[in-house]
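Descriptive analysis of the structure
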Amino acid sequence: MKKFVLLATRAEDIPADEEYALFLRYTGLEERDLVRIRLEAGAMPHLDLDDLSGIFVGGGPFNASDPLEKKSAVQRRVEADFADLLSVVVERDFPFLGACYGVGTLGTHLGATIDRTHSEPISVVPVTTTDAGAADPLLAGLPRTFGAFVGHKEAISTLPPSATLLASSPTCPVQMFRVGDNVYATQFHPELDVEGITTRIHAYAHYGYFETDELEMTLAAVRSASVSHPSRMLRSFVERYAR
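What you are looking at is a predicted structure, and each value in this text was computed from that prediction instead of being measured.

Turning our attention to the pairing of strand β9 (residues 163-169). As a general feature of sheets, a regular strand has side chains that alternate between the two faces. Within β9, five of the seven residues are buried, which leaves it mostly tucked inside the rest of the structure. Across two bridges, strand β6 (residues 120-129) lies against β9 in antiparallel orientation. Across the sheet, residue Thr128 finds its bridge partner in β9, namely Ser168. Of the strand pairs in this sheet, β9 and strand β10 (residues 172-179) are connected by five bridges, and their pairing is antiparallel. Note that in β10 the partner of Ala167 across the bridge is Met176. Turn length for the β9-β10 hairpin, with the two strands adjacent in sequence and antiparallel, is two residues.

Another point: the nonpolar core. Leu7, Ile55, Val89 and Phe177 are the most contacted members of the largest nonpolar core, which has 32 residues in total. Of all the elements in the fold, those that place two or more residues in this core are β1 (3-8), β3 (52-57), α2 (73-92), α3 (101-110), β10 and β11 (183-186). In terms of residue count, α2 provides more of this core than any other element does, five residues in total. Contacts of Leu7, omitting those with residues within four sequence positions, involve Ile37, Leu39, Met44, Leu47, Ile55, Phe56, Val57, Gly58, Phe82 and Leu85. Listed in part, the 27 residues of the second largest apolar core include Phe23, Leu24, Ala167 and Tyr241.

Once that is clear, we can look at unusual backbone geometry. Its identity is not glycine, yet Asp93 carries a phi of approximately 55°, on the positive side. Along the chain, the position of Asp93 falls in the loop between α2 and β4 (96-99). Phi angles above zero are rare outside glycine, and Cys100 is one such case at about 65°. Counting through the fold element by element, Cys100 comes out in the loop between β4 and α3.

This part is about the packing of helix α1 (residues 13-27) against helix α5 (residues 194-203). One can describe the packing of α1 onto α5 by two numbers: an axis separation of 10 Å at closest approach and a directional angle of 165°. In terms of axis orientation, α1 runs roughly antiparallel to α5. When you trace α1 past α5, the crossing you get is left-handed. Judged by residue contacts, Ile14, Pro15, Glu18, Glu19 and Leu22 of α1 engage Glu195, Gly196, Thr199, Arg200 and Ala203 from α5. For the contact of α1 with α5, the residue count by class is four nonpolar, two polar and four charged.

Turning our attention to the packing of α1 against helix α7 (residues 232-241). Packing of α1 against α7 brings their axes to within 7 Å, and their N-to-C directions diverge by 65°. Taken as axis vectors, α1 and α7 run roughly perpendicular relative to one another. When the axes of α1 and α7 are compared, the crossing they make is right-handed. Residue-level contacts link Phe23, Arg25, Tyr26 and Thr27 of α1 to Leu234, Arg235 and Val238 of α7. When its residues are assigned to classes, the contact of α1 with α7 shows four nonpolar, one polar and two charged.

About the cut-offs
- Residues numbered from 1 in each chain as written.
- Predicted model: local features only at pLDDT ≥ 70, side-chain atom pairs only at ≥ 80, totals over all residues.
- Heavy atoms only, no water.
- Buried < 20%, exposed > 50% of the residue type's maximum accessible area, 1.4 Å probe, protein only.
- Helix = DSSP H or I, 4+ residues; strand = E, 2+ residues; numbered from the N terminus.
- Pairing = 2+ DSSP bridges.
- Core = buried A, V, L, I, M, F, W, Y, C linked by side-chain atoms within 4.5 Å.
- Contact = heavy atoms within 4.5 Å.
- Axes fitted to C-alpha atoms, helices over the stretch in contact; angles between N-to-C directions.
- Parallel < 35°, antiparallel > 145°, perpendicular 65-115°, else oblique.
- Left-handed = near helix turned anticlockwise from the far one by under 90°.
- Nonpolar A, V, L, I, M, F, W, Y, C, P; charged D, E, K, R; others polar.

Here you go:
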């Protein structure tokens, strides 16, 4: 089988390593079959898509909608690398699934409106599929409404006509979309479980996702409902595109 790639941007080792472990667990892939590239540590290497089965993108601390002058040199480099990669991915309709930061990267590439209008606190939200989403193979077998972990400062307000909306939540109109047949992005985190999001809550407690005195309340919010459906998307992606 040709390898899959996970493009990661988390600088903190504990949540970065756990993110990789979660993608391994829920894709069912072995480490030899899911190559992690930590973009915060260095430039994106050349990726020959002919040698790959597909690409995953994990979440991260970068916000695409931040003013250029507020972006670090690392963020600007990562965004430039993604722009080059997505030009090829979208043109070839190559299998791609970006989780959370995938909305920022793919949305920016497509010219979507990304701002802070539809931010969501770290929590579990009900995600409902559109008719197109219900018919999409990545969401096959999932209920029309399912709980998912979220936590983001920015989101897409308006999708371009080239994108197909697959899912929404009450407070965020674009939770998942597709371009072409094989290029996907989600605002929610399909890779997360309770343990994983608990790690991130502690790791990013001072990153402005919640007030410092709201830690226990935030932990309670992610434990308030069972979340089991979104991770099935990762296995479906692998089963569909492994080659």
